[in-house]
Amino acid sequence: VCSSSDTINVIVDPLITNSLPSINICQGDSALIFGVYQTIAGTYQDTIAAAVGCDTIVSQQLIYNTIVGFNLGNDTIICEDDSITLDAGPNLISYNWSTGDTTQTLLVDGNMLSVGTYIYYVQGADTNGCISSDTVQIEVSVCAAIDELGKVSYELYPNPTKGDVTITSNKR
């Protein structure tokens, strides 16, 4: 009876894993990860076959950031001697108004504008670089009312009456 034996040494290389840098996206955006556009936060993996036959697992984390929104309010009419402050909110790190201003608030002063309609636009960025924007229309109008005539007193007589009345004022 013949017998023989042989020894084979098998070296198992450890599995190689690599993590790529995380990708941050803003609400409504997508990122191309391993050939597929992704919109949901999570860790994505792909297996890459190496030339020497060992596989490498590559992972990449996708971080989804919600946009910090703001609202400049409804379109508004102001009198030419009034003003209104537009506020883009405190949760942003930068502001860019259509006027060139870069502050959180913008004063719209009817005294500084002609009668007419003005459109104000602001774009703001948060700490993640996500951009929000809003637009509002402000109309500056000539407002004439009784209270703008100064101190005027009126008399109405006869009172009560079932017929004609007379109205007089101290303003001529």
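1. Notes on the side chain of Ser 132
Positionally, Ser 132 belongs in strand β12 (residues 131–141). For Ser 132, a relative accessible area of 7% translates into the label buried. Contacts of Ser 132, omitting those with residues within four sequence positions, involve Ile 67, Val 68, Gly 69, Phe 70, Val 122, Gln 123 and Gly 124.

2. Digging into the nonpolar core
Buried together is how nonpolar side chains tend to be arranged in soluble globular proteins. In this structure, Leu 86, Trp 97, Tyr 120 and Ile 138 are the most contacted members of the largest nonpolar core, which totals 15 residues. Of all the secondary-structure elements, those providing two or more residues to this core are β9 (94–97), β10 (105–109), β11 (116–125) and β12. The leading source of residues in this core is β12, at 3 residues. In this structure Trp 97 touches Leu 72, Leu 86, Ala 88, Thr 102, Thr 103, Gln 104, Thr 105, Leu 106, Tyr 121 and Val 122, once residues within four positions along its chain are discounted. Counting residues in each nonpolar core, the second largest holds 5 residues, with Ala 31, Ile 33, Tyr 44 and Leu 62 among its members.

3. Here we look at the state of the cysteines
For the structure on display, the rule yields 2 disulfides. There is a disulfide in this structure between Cys 26 and Cys 130, and the S-S distance comes to 2.1 Å. Handedness here is read from the sign of the S-S torsion; for Cys 26 and Cys 130, about -95 degrees, the answer is left-handed. Pair noted here: Cys 26 is in strand β2 (residues 23–26) and Cys 130 is in the loop between β11 and β12, with a separation of 104 residues, a long-range link. Judged by relative accessible area, which is 11%, Cys 26 ranks as buried. Two residues, Cys 79 and Cys 143, share a disulfide whose sulfurs are 2.1 Å apart. What sets the handedness of the Cys 79 and Cys 143 disulfide is the S-S torsion sign, and at about -100 degrees it is left-handed. With a gap of 64 residues between them, Cys 79 in strand β7 (residues 76–79) and Cys 143 in the loop between β12 and β13 (154–157) connect regions that are remote in the sequence. A residue is classified by how much of its surface remains accessible, and Cys 79, at 18% relative accessible area, is buried. If you count the bonded cysteines of the protein chain from the N-terminus, they pair up as 1-3, 2-4.

4. Remarks on the side chain of Gln 60
Mapped onto the elements, Gln 60 comes out in strand β6 (residues 55–65). Exposure remark for Gln 60: the relative accessible area of 10% places this residue in the buried category. For Gln 60, the side chain forms a polar contact with the main-chain oxygen of Pro 21, separated by 2.9 Å. In this view, Gln 60 contacts Leu 20, Pro 21, Ile 23, Ile 33, Phe 34, Gly 42, Thr 43 and Tyr 44; residues no more than four positions away in its chain are not counted.

Analysis parameters
Residues numbered from 1 in each chain as written. Predicted model: local features only at pLDDT ≥ 70, side-chain atom pairs only at ≥ 80, totals over all residues. Heavy atoms only, no water. Helix = DSSP H or I, 4+ residues; strand = E, 2+ residues; numbered from the N terminus. Buried < 20%, exposed > 50% of the residue type's maximum accessible area, 1.4 Å probe, protein only. Contact = heavy atoms within 4.5 Å. Core = buried A, V, L, I, M, F, W, Y, C linked by side-chain atoms within 4.5 Å. Disulfide = S-S within 2.5 Å. Polar contact = N/O pair within 3.5 Å; in protein donor to acceptor, adjacent residues only side chain to side chain.

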